Amino acid sequence: MSLSSLPGDLNPVIANWLQDQDGALLRANADQLTERYRAGQSSARVDLAAYLTTRMPATYAAVRKVLGEVARLHPVFAPTSMLDIGAGPGTASWAALAEWPELLSVTMVEADARFVELAVMLAKSSALKALALATITRAKMSEATGKADLVIAAYVFAELVEKDAGEAALKLWTQTENTLVIIEPGTPRGFARIHAARQTLIKAGAHIVGPCTHAAACPMRGNDWCHFTVRLARSREHMHAKLATVPFEDEPFSWIAVSHTTVPLSGARVIRPPAQDKHSITFKICSELGLVDRVIARRDKAAYKQHRKTAWGDVV
Ligand SMILES: C[S@@+](CC[C@H](N)C(=O)[O-])C[C@H]1O[C@@H](n2cnc3c(N)ncnc32)[C@H](O)[C@@H]1O
């Protein structure tokens, strides 16, 4: 089981801040928060304690997972500046620093004053200069200015109407010196925004980094949506707030990363959990040929051995 959770230096700062919050209120809000976010509801008036306890660990885990894959696919990319759009408490900035500690400058743009205050408090606690000295601005995405090597919009397109997703992606693309990463809840609604952003960005000349292994038309149709999951450990506070009985949860996410640099694309990505029976493993894979079921028979010993551990989200 791969477990992800917040960086160690963030935990005591959040725990300290939570001590001053009302636990009963936190529990009441935490119960519905994940469902609300997956349904794409706005962050306005969201309970910050509930967000820090239950959503931030999950969005951090998803962003970490995506940035790890971006770094794997685009190994020469070494950003020194980043823009975190719809930063909330600064989740994507903390995740980016964990992936690229050489980042020198971090700018967070966030519409809600309460989140700005929280992001400032958390960033100031960091031993990393880029976070401690981050520029944290209260502004809407549409008002954000400046450019950076890396631009990340994590879980914020969900709060836009779907028809604005393409235009918003295009705006962020003009602020991107190298790579733009958009991450959304792994729901049909979240994927619809990723899909719209992908189409617009490809038309604008962007090169795909991932998760697609091709720039052909997306083959997802009907009720199908492209998403992946990351498993994260729940803290004691997280379990308590959600009255949870299992010490982990799976966060579904959809994403797209594009670059001004050409990144070599190859292979096909496994886009569903592999289905295994006594005789074979079946992988649903996406490539420029579309969606295909690839069956590996157990009797094909070499191929079976090679793919036994291939997982949802892997490139084959
Ligand atoms: C679900 S939270 C995600 C926060 C953070 N990126 C994360 O992954 O944890 C969405 C954030 O986007 C902010 N937001 C929503 N619409 C925005 C906009 N148009 N411009 C800037 N921020 C926005 C909200 O205030 C909220 O803090």
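All figures in this text were calculated on a predicted structure; none of them were measured in a lab.

The periodicity of an α-helix, 3.6 residues per turn, causes residues three or four places apart in sequence to face the same way. Counted residue by residue, helix H4 (residues 91-99) has seven buried out of nine residues, so it is predominantly covered. Within H4, burial applies to Thr91, Ala92, Ser93, Trp94, Ala95, Ala96 and Leu97. Contact partners of the buried residues in H4: helix H3 (48-73), strand S1 (81-85), strand S2 (105-110), helix H6 (129-132) and strand S4 (148-154).

Next up on the list: helix H5 (residues 113-124). If you check H5, its first and last C-alpha atoms are 17 Å apart, about what 12 residues at 1.5 Å a residue would give, namely 16 Å. For H5, the set of buried residues is Phe115, Val116, Leu118, Ala119, Leu122 and Ala123. End-on, the buried residues of H5 take up no more than an arc of 165 degrees, which puts them together on one face.

A separate point is the domain arrangement of the chain. Buried accessible area, meaning the area lost when the parts come together, often serves as the stated size of an interface. Taken domain by domain, the chain holds domain 1 (11-259) and domain 2 (269-307). Contacts between domain 1 and domain 2 engage six residues on the former and seven residues on the latter. Looking at the side of domain 1 that touches domain 2 residue by residue, the classes come out as four nonpolar, two polar and no charged.

A separate point is the nonpolar core. Membership of the largest hydrophobic core comes to 89 residues, with the highest contact counts inside it found for Ile85, Ile152, Ile182 and Ile183. The element contributing the most residues to this core is H3, with 15 residues. Shared between two domains, this core holds at least three residues of each, these being domain 1 (11-259) and domain 2 (269-307). Setting aside anything within four residues of it in sequence, one finds Ile183 in contact with Ala62, Val63, Val66, Ala154, Tyr155, Phe253 and Trp255.

So, about the site of the ligand. Of all residues adjacent to the ligand, which total 20 residues, the nearest are Thr59, Gly86, Gly88, Thr91 and Ala111. Going through the elements one at a time, H3, H4 and S2 are the ones with two or more residues in the shell around the ligand. Taken together, the residues of the shell around the ligand sort by class into 11 nonpolar, five polar and four charged.

For the rest of this paragraph, the subject is the packing of helix H7 (residues 165-174) against helix H8 (residues 188-203). Across the interface, H7 lies against H8 with an axial gap of 8 Å and an inter-helix angle of 55 degrees. If you check the angle between H7 and H8, you find them oblique. When the axes of H7 and H8 are compared, the crossing they make is right-handed. Two secondary-structure elements touch here, H7 through Ala165, Gly166, Ala169, Leu170 and Trp173 and H8 through Arg193, Ala196, Ala197, Gln199, Thr200 and Leu201. Classifying every residue of the contact of H7 with H8 by side-chain character gives seven nonpolar, three polar and one charged.

Considering the arrangement of structural elements, one finds Ala165 in helix H7. Between the C-alpha atoms of Ala165 and Val292, which are 127 residues apart in sequence, the distance is 28 Å. Contact partners of Ala165, with chain neighbours within four places excluded, come to Phe157, Leu160, Arg193, Ala196 and Ala197.

Conventions and cut-offs
- Residues numbered from 1 in each chain as written.
- Predicted model: local features only at pLDDT ≥ 70, side-chain atom pairs only at ≥ 80, totals over all residues.
- Buried ≥ 20, exposed ≤ 12 C-beta atoms within 10 Å, placed from the backbone.
- Helix = DSSP H or I, 4+ residues; strand = E, 2+ residues; numbered from the N terminus.
- Contact = placed C-beta atoms within 7 Å.
- Expected span 1.5 Å × (residues − 1).
- Arc of directions from axis to C-beta.
- Domains from an automatic or database assignment.
- Nonpolar A, V, L, I, M, F, W, Y, C, P; charged D, E, K, R; others polar.
- Core = buried A, V, L, I, M, F, W, Y, C linked by C-beta atoms within 7 Å.
- Near = placed C-beta within 6 Å.
- Axes fitted to C-alpha atoms, helices over the stretch in contact; angles between N-to-C directions.
- Parallel < 35°, antiparallel > 145°, perpendicular 65-115°, else oblique.
- Left-handed = near helix turned anticlockwise from the far one by under 90°.

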